[in-house]
2 protein chains.
Amino acid sequence: MAEKTLADLFHETLKDIYYAERKIASALGKMARGAQDEKLKDAFITHKEETQGQIERLQAVFELIDKRARGKTCPAIEGIIDEAEEIIEEFMGSPALDAGLIAAAQAVEHYEITRYGTLRTWAEQLGLKEAAGLLEETLAEESRTDELLTKLAQTAVNAAAQKAA
Amino acid sequence: MAEKTLADLFHETLKDIYYAERKIASALGKMARGAQDEKLKDAFITHKEETQGQIERLQAVFELIDKRARGKTCPAIEGIIDEAEEIIEEFMGSPALDAGLIAAAQAVEHYEITRYGTLRTWAEQLGLKEAAGLLEETLAEESRTDELLTKLAQTAVNAAAQKAA
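About the criteria used
- Counting from 1, residues in each chain are numbered in the order their sequence is written.
- Here the convention is simple: chains get letters from A, ligands get numbers from 1, in the order in which they are written.
- It should be noted that, the model being predicted, local features are given only for residues of pLDDT at least 70 and side-chain atom pairs only at 80 or more, the latter also being counted only at that level, while totals for whole chains, interfaces and linings use all residues.
- Only heavy atoms go into the side-chain values, all of them from the structure, while hydrogens and water stay out.
- Confidence of the prediction at every residue is given by pLDDT, a number between 0 and 100.
- In DSSP terms, a helix is any run of H or I states spanning at least four residues, a strand is any run of E spanning at least two, and both are numbered starting from the N terminus.
- The way it works is a 1 Å grid over only the protein atoms, where trapped points that fit a 1.4 Å probe form a cavity and open points with protein on both sides within 12 Å along at least five of seven lines form a pocket, and then any residue with an atom within 4 Å of a point lines it.
- Grid points are joined across faces, edges and corners, and a volume is the space filled by probe spheres set on the points.
- Under this grouping Gly is polar, as are all residues other than the nonpolar Ala, Val, Leu, Ile, Met, Phe, Trp, Tyr, Cys and Pro and the charged Asp, Glu, Lys and Arg.
- In what follows, residue pairs with any heavy atoms lying within 4.5 Å of each other are defined as contacts.
- Here's the idea: put two parts together, see how much 1.4 Å probe accessible area each one loses, and the total over both is what we call buried area.
- A pair is scored as a salt bridge if a Lys or Arg side-chain nitrogen falls within 4 Å of a carboxyl oxygen belonging to Asp or Glu.

Caption draft 1: Representation of the confidence of the model for chain A within the structure. Residue and element names in this part refer to chain A. Counting all residues, the mean pLDDT for chain A is 94, and 98% of those residues have values of 70 or more. Mean pLDDT across the secondary structure elements of chain A bottoms out at helix H5 (residues 129–164), with 91, and peaks at helix H2 (residues 38–64), with 97. Interface confidence in the predicted complex, given as ipTM, is 0.93; pTM for the same model is 0.94.

Caption draft 2: Geometry of empty space enclosed by the protein. Inspection of the entire model under this criterion finds five cavities of 30 Å³ or more. The space that makes up the largest cavity amounts to roughly 200 Å³. Along its surface, the largest cavity is lined by 19 residues, and Thr13(A), Asp16(A), Arg115(A), Glu83(B) and Ile87(B) are the ones closest to its centre. Ranked by residue count, the leading element in the lining of the largest cavity is helix H3 (residues 75–91) of chain B, at six residues. Residues of the lining of the largest cavity, tallied by class, amount to eight nonpolar, four polar and seven charged. Approximately 180 Å³ is the volume found for the second largest cavity. Lining the second largest cavity are 17 residues, and of these Glu83(A), Ile87(A), Thr13(B), Asp16(B) and Arg115(B) sit closest to its centre. Elements with a contribution of two residues or more to the lining of the second largest cavity: helix H3 (75–91) and helix H4 (97–125) of chain A together with helix H1 (6–34) and helix H4 (97–125) of chain B. Here the lining of the second largest cavity gets six residues from one element, more than from any other, and that element is H3(A). When its residues are assigned to classes, the lining of the second largest cavity shows seven nonpolar, three polar and seven charged.

Caption draft 3: Summary view of the interface of chain B and chain A. Listed per partner, the contact involves 44 residues of chain B and 44 residues of chain A. Taken over both partners, the interface formed by chain B and chain A buries close to 3500 Å², and the fraction arising from carbon and sulfur atoms is 62%. Taken together, the connections running from chain B to chain A amount to six salt bridges. The salt bridge involving Lys4(A) is made with Glu90(B); its shortest N-O contact spans 3.9 Å. Looking at the side of chain B that touches chain A, the elements with two or more residues in it are H1, H3, H4 and helix H5 (129–164) of chain B. Here the element with the most residues in the side of chain B that touches chain A is H4(B); it accounts for 14 residues.

Okay, structure coming up:
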């Protein structure tokens, strides 16, 4: 068996995030249905649509390295999404639900940010310039989503605190 | 049953990260043993020691809200650490192992960064000034560790690419 290289690591991690993105798209639908604040609901719907574009970019990256686009179970995203579903269940009807949903969504975003940051660095090292560019585009989108969620979080916690008072 | 509030969400999330930190401390030991580069090995050992201080800060936060310090299974960190262990197994002996270990450690850091950021915001809203300060201290440590790993990643991918050439 040939020694494993950075190219193998890149391919393995690409499969991991490809699986994760498809799980995330479906989780965002549930989160949008759960959200109480209209702006938050919209943010989840918009990001679900963006996620579709991110999946297509990943497919393009698979093509650039001559591999078939396929996912590989990603236990990290399974765990992160399990926690999101737990929050929806436990806090349904509570004024704190939105704050919990945002926290869960930010855990998802940070997982993506770290994976895309890593993949972009590896693509550069491997001389995959076009792939690095695609990964960078997605990374920028994820960072913007995370910033928007941070802003919405302030509204959500204020609302939760007011209703609870 | 009383309606769930932001204080409940804060307490639940505190239990989640308390469980996660103890898992992370043990995973960092394994990562340090696996690392090939001495600087990376040192970074893992230093962060394992820091993690002990972070656990103590969490115990102080539990005390500040008059709760017993106890964890609650955190499926997210379980999944993130499972992936780290998979990398160690699959890439042991490969020049790409360090790059993989750093990616895994950054996934851990980003999970912590998002959780501590959220907890600090909630603590502020709940008027828990001292707790917010403690959470902010840990958040700063986690961010510094993430930055250090980003630097070490460049060395690791260069080494992997060189050895593979």
